[in-house]
Amino acid sequence: MSSGHACVDVYQGAVAALVPYFVAERAYSYAAASGVVLAASLLSSLVQPLFGVLTDRWAMPWLLPLSALTAGAGVALSGVTGSYPLTLAAVAVSGVGVAAYHPEAARVARVVARGRHTAMGWFSFGGNAGFALAPLLVFAVVATGGLRASPLLVVPALAGAALCTAAVRSAGSGVGRAGASTAGGEDDWGSFLRLSGAVVCRSVVFVGLSTFVSLYVRERTGGGEAAGTAALFVLYAGGAVGTLAGGRLAERYGRTAVVRRSYALTVLAVAGLVLVPGPPVYLFVALTSAGLYVPFSLHITLGQDFLPRRAGTASGVTLGLTVSVGGLAAPALGALADATSLRTALLPLVALPALGRLLLCGLREPVPPGAAVTERADPQESGAR
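Since we're looking at a predicted model, the values are computed, not measured.

Now for the overall build of the chain. Each helix and strand counted, the chain has 16 helices and zero strands in total. Expected size for 385 residues packed as a compact globule is a radius of gyration near 21 Å; at 20 Å, the chain falls within 12% of this value. With the C-alpha coordinates of the chain rotated into their principal frame, the extents come out at 60 × 45 × 30 Å. Taking all 385 residues of the chain together, the buried fraction comes to 56%. In the chain, of all internal contacts separated by at least 6 residues, the share reaching a separation of at least 24 is 85%. Counting 25 positive and 16 negative side-chain charges, the chain places the averaged centre of each group 4 Å from the other.

Laid out in structure tokens, this is it:
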């Protein structure tokens, strides 16, 4: 499941990684380039809750290989379509594939993980590893063959479809039962909405930096394509490590405490990324990556535990919708960059994790479905009381 997740999420990272090449080969403005990210996110954001609801009602493991192929086909076609509208349509198709994958994949992964935070961390690690590999894959293909070579980017989708099929077969009959709608416990919509609001803040920061950090670092350091690709790789690769760390930290300190502290770190890290010039910017990119990704898998399990009767819907929101919704803000950042500067456009991103941290204040650790009624005390909550 983790490897299949990597093969699907490489296409979320690939859209942002293609932006500098669209700017270079097709002379797209910042606003037009960010519109490509919007196209991948908008339709995905609209259909993601639908797939979550369907997952709550019916088990659909067959959807995993099909969605992997759809995600890959859209990105593969984006470089060979000459017109801007066709490019938008191609990446939108890819976004639908990504949207279809995540709710069902999160359900299957939770069944296989049996509720263990560390195991879910490995599942999320796969997706983040896919993000990390995306700029390297795009650089290897497009930097040498141009956008016309983009059909080669379909290869991970073929591998992902095979891996997903093998994972579902080896997991046995347990993944064939939807089960989410019959789980015990009561849905805590208030806590879930607060968590979702925080994840939306994270999403805007993450997608904004994914879209522009490559161009920004090239501008700040005076480097070329390799410098920008390296920055995007650090942003994604640090996340792969951070996701694994998040699961282990949660086992020790509790999920809500780890999530809150990660958002606080992100405020300082994004400020350094935007304001500090020269090569040290890479350090702040790495710290930003840690702050954004340590809570990544914890968002998923917290959402599922806040909505134990609607685990598919919760996964569709925390793993999919609130990740892709950040793309809705990308054109506004691009327009601001065109009107002022890229640095000015990125400054608002400093405030968003601070807002997310405020939304998380007082959020209590939920009791996982099937766990004992005794709730493990959250160290930070206990200190606050």
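Resuming the write-up.
We now examine the environment of Val80. By the element assignment, Val80 lies in the loop between helix H3 (63-78) and helix H4 (84-113). Between the alpha carbons of Val80 and Val317 there is a distance of 32 Å; along the sequence they are 237 residues apart. Residues contacting Val80, with those up to four places away along its chain left out, are Arg26, Leu147, Arg148, Ser150 and Pro151.

Below, the discussion takes up the nonpolar core. In terms of nonpolar packing, the biggest core is built from 76 residues, with Tyr236, Leu273 and Leu349 touching the most fellow members. At eleven residues, the largest contribution of residues to this core is made by helix H1 (residues 2-26). In this view, Leu349 contacts Val204, Val205, Gly208, Leu209, Val270 and Leu333; residues no more than four positions away in its chain are not counted. Listed in part, the 17 residues of the second largest apolar core include Ala198, Tyr263, Leu307 and Val317.

Think of two packed helices as two axes; the pair is described by the angle between the axes and how far apart they sit. Viewed as axis vectors pointing N to C, helix H8 (residues 225-253) and helix H9 (residues 255-275) meet at an angle of 125°, and their least axial separation amounts to 7 Å. Taken together, the axes of H8 and H9 are oblique relative to one another. The segment H8 lies against H9, with Leu249, Ala250 and Tyr253 engaging Arg255, Ala257, Val258 and Arg261. Of the residues belonging to the contact of H8 with H9, the class tally is five nonpolar, no polar and two charged.

A separate point is unusual backbone geometry. Even without a glycine there, the phi angle at Ala27 is positive, about 55°. With respect to the secondary-structure elements, Ala27 resides in the loop between H1 and helix H2 (30-57). You can call Ala27 exposed: its relative accessible area is 64%.

Glancing now at the pattern of salt bridges. Taken as a whole and judged by the stated rule, the model has five salt bridges. Two residues, Arg309 and Glu186, come together in a salt bridge whose shortest N-O distance is 3.9 Å. A residue pair is termed long-range when its members are at least 10 positions apart, and Arg309 in the loop between helix H11 (296-306) and helix H12 (311-324) and Glu186 in the loop between helix H6 (155-171) and helix H7 (189-221) qualify at 123 residues. A relative accessible area of 64% means that Glu186 is categorised as exposed. Among the ionic pairs, Glu365 bridges to Arg255, the shortest N-O distance being 2.6 Å. You can see Glu365 sitting in the loop between helix H15 (351-360) and helix H16 (379-384) and its partner Arg255 sitting in helix H9, a full 110 residues away along the chain. Classification of Glu365 by relative accessible area gives buried; the value is 8%. Arg255 sits in the buried class, given a relative accessible area of 1%.

A word on the packing of aromatic side chains. The geometry of an aromatic ring pair is captured by the separation of the ring centres together with the interplanar angle, meaning the angle of the planes. Summed over all chains, the structure comprises ten aromatic pairs. Between Trp122 and Phe125, the aromatic rings sit 5.3 Å apart at their centres with planes inclined by 70°, giving edge-to-face as the arrangement. A residue pair is termed a helical-turn pair when its members lie 3 or 4 positions apart in one helix, as Trp122 and Phe125 do in helix H5 (residues 117-145) at three residues. On the accessibility criterion, Trp122 (44% relative accessible area) is partly exposed. Aromatic rings pair up to connect Phe131, Phe206, Tyr236, Tyr293 and Phe296 into one cluster. Above the face of the Phe206 ring, Arg202 is positioned so that its terminal group lies 5.1 Å from the ring centre. The lysine or arginine in question, Arg202, covers the ring of Tyr293, its NZ or CZ lying 5.2 Å from the ring centre.

Cut-offs used in this document
Residues numbered from 1 in each chain as written. Predicted model: local features only at pLDDT ≥ 70, side-chain atom pairs only at ≥ 80, totals over all residues. Heavy atoms only, no water. Helix = DSSP H or I, 4+ residues; strand = E, 2+ residues; numbered from the N terminus. Rg over C-alpha atoms; globule rule 2.2 N^0.38 Å. Buried < 20%, exposed > 50% of the residue type's maximum accessible area, 1.4 Å probe, protein only. Contact = heavy atoms within 4.5 Å. Lys, Arg positive; Asp, Glu negative; His and termini not counted. Charge placed at Lys NZ, Arg CZ, Asp CG, Glu CD. Core = buried A, V, L, I, M, F, W, Y, C linked by side-chain atoms within 4.5 Å. Axes fitted to C-alpha atoms, helices over the stretch in contact; angles between N-to-C directions. Parallel < 35°, antiparallel > 145°, perpendicular 65-115°, else oblique. Nonpolar A, V, L, I, M, F, W, Y, C, P; charged D, E, K, R; others polar. Salt bridge = Lys/Arg side-chain N within 4 Å of Asp/Glu carboxyl O. Phe/Tyr/Trp six-rings, centres within 6.5 Å; stacked < 30°, edge-to-face > 60°. Lys NZ or Arg CZ within 6 Å of the ring centre and 35° of its normal.

Purely geometric numbers; function is a separate question.
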